[in-house]
Amino acid sequence: MQTIMKKTSWRVAVIITAIVSCVVRTQAQEFSKNSIKVGAGVEGVDNTKVEGHGFVTALSYQRQLKDWLWLAPHTKHGTYTNFGITDTPDEYFNIITMGIGVNAIVLHYLYVGVGTEVNYLHGLIGTGGEISHASHYVRSFYPDLYANAGLRIASREKRIAVNIIPFNLSIGIHEELSLAMQLEMEIKL
């Protein structure tokens with residue numbers, strides 16, 4: 001009987017130790033240096049060919065370089081119109097953007113980023129508005145530089161962080177200018 005009790009207690013001890021070590025290991029899991037960001041916001045665009053405002057969505061991958069610095073290639077898509085702007089013909093256009101930049105965290109809560117982008121703009125300039133012209137299709141490629149700043153809400157223990165970016169400015173080489181406000185959710189891998 002004692003032999004059976006010794007074998008059983010030893011097996012129970014091994015099972016409990018294995019379970020506890022697995023639980024401790026999963027609770028102490030560190031996240032990788034990679035993350036994915038998904039964002040949405042509103043943006044106003046003004047350049048030599050179009051002028052409008054609309055809804056923009058973004059997808060980004062981040063690779064951590066230091067504790068406070070990330071390399072971040074990204075892509076975004078925006079759909080724009082000039083609704084409410086009366087001194088131009090009706091405009092409906094899309095902008096697809098691919099870019100790369102660096103993002104940094106300053107003082108644990110301030111989020112800043114700088115980088116460069118390549119934009120593909122395409123859309124239709126119509127005949128509405130105060131100025132009447134024949135409708136035509138517009139398309140162009142243009143590079144720009146961007147800078148953004150906002151607040152970061154994140155915990156080191158949590159997998160998800162939120163970036164509130166009220167300032168996002170892009171300046172292109174042919175008088176392109178865009179201002180955006182954006183909300184991003186970052187998921188650590």
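One can find the structure itself at the top, above this paragraph.
Below or above, wherever it landed, is the structure these notes cover.

Rules used in this analysis
Residues numbered from 1 in each chain as written. Predicted model: local features only at pLDDT ≥ 70, side-chain atom pairs only at ≥ 80, totals over all residues. Heavy atoms only, no water. Helix = DSSP H or I, 4+ residues; strand = E, 2+ residues; numbered from the N terminus. Buried < 20%, exposed > 50% of the residue type's maximum accessible area, 1.4 Å probe, protein only. Contact = heavy atoms within 4.5 Å. Areas by Shrake-Rupley, 256 points an atom, 1.4 Å probe, with all protein chains shown as cover. Salt bridge = Lys/Arg side-chain N within 4 Å of Asp/Glu carboxyl O. Pairing = 2+ DSSP bridges. Polar contact = N/O pair within 3.5 Å; in protein donor to acceptor, adjacent residues only side chain to side chain. Phe/Tyr/Trp six-rings, centres within 6.5 Å; stacked < 30°, edge-to-face > 60°.

### Some thoughts on the overall build of the chain
In step 1: Looking only at helices and strands, the chain has one helix and eight strands in total.
In step 2: Its helices and strands taken in sequence order, the chain reads α-β-β-β-β-β-β-β-β from the N to the C terminus.
In step 3: Taking all 189 residues of the chain together, 35% fall into the buried category.
In step 4: At a minimum sequence separation of 6, the contacts of the chain that also span at least 24 residues come to 56%.
In step 5: Accessible surface, the chain: about 11,800 Å² in total, of which carbon and sulfur atoms supply 68%.

### Re the environment of V42
In step 1: In this fold, V42 is placed in strand β1 (residues 34-46).
In step 2: Residues V42 and T57 lie 15 residues apart in sequence; the distance between their C-alpha atoms is 8.7 Å.
In step 3: V42 has contacts with G54, V56, L179, A180 and M181, leaving out every residue within four places of it along the chain.

### Some remarks on the pattern of salt bridges
In step 1: For the structure on display, the rule yields four salt bridges.
In step 2: Among the salt bridges present, the one from E43 reaches K76, with a minimum N-O distance of 3.6 Å. Taken as a pair, E43 in strand β1 and K76 in strand β3 (residues 69-81) lie far apart in primary sequence, 33 residues in all. Accessibility assignment for this pair places E43 and K76 in one class, buried.
In step 3: The closest approach of N and O atoms between E117 and K76, which form a salt bridge, is 4.0 Å. Within this pair, whereas E117 is found in strand β5 (residues 110-125), its partner K76 is found in strand β3, the two being separated by 41 residues in sequence.
In step 4: Residue E117 is classed as buried on the basis of its relative accessible area of 4%.

### Describing the pairing of strand β4 (residues 91-106)
In step 1: Inspection of the sheet shows β3 paired to β4 by 13 bridges, in the antiparallel sense. Residue pairing across strands places L69 opposite A104, the latter belonging to β4.
In step 2: With 16 bridges connecting them, β4 and β5 associate as antiparallel partners. Pairing of I105 across the sheet is with Y111, part of β5.
In step 3: Between β4 and β5, which pair antiparallel one after the other, the connecting turn spans three residues, and L107 there sits at a positive phi close to 55 degrees.

### A look at the side chain of N34
In step 1: When you line up the elements, N34 lands in strand β1.
In step 2: Side chain to side chain, N34 and Y61 meet in a polar contact 2.8 Å long.
In step 3: Side-chain polar atoms of N34 contact the side chain of R63, separated by 2.9 Å.

### Some thoughts on the packing of aromatic side chains
The relative placement of two aromatic rings is captured by the distance of their centres and the angle of their planes.
In step 1: Per the stated rule, a full pass over the model turns up two aromatic pairs.
In step 2: With a centroid separation of 5.1 Å and an interplanar angle of 15 degrees, the aromatic rings of Y80 and F93 are classed as stacked. Residue Y80 is found in strand β3, and its partner F93 is found in strand β4; the two are separated by 13 residues along the sequence.
In step 3: By relative accessible area, Y80 is classed as buried at 3%.
In step 4: Judged by relative accessible area, which is 2%, F93 ranks as buried.
In step 5: The interplanar angle of 35 degrees and the centroid separation of 4.9 Å between the aromatic rings of Y120 and F141 together place this pair among those described as tilted. Remark: F141 occurs in strand β6 (residues 136-153) and Y120 occurs in strand β5; sequence separation between them is 21 residues.
In step 6: Taking the relative accessible area as the measure of exposure, Y120 reaches 22% and is therefore partly exposed.
In step 7: Relative accessible area serves as the criterion here: at 64%, F141 is assigned to the exposed category.

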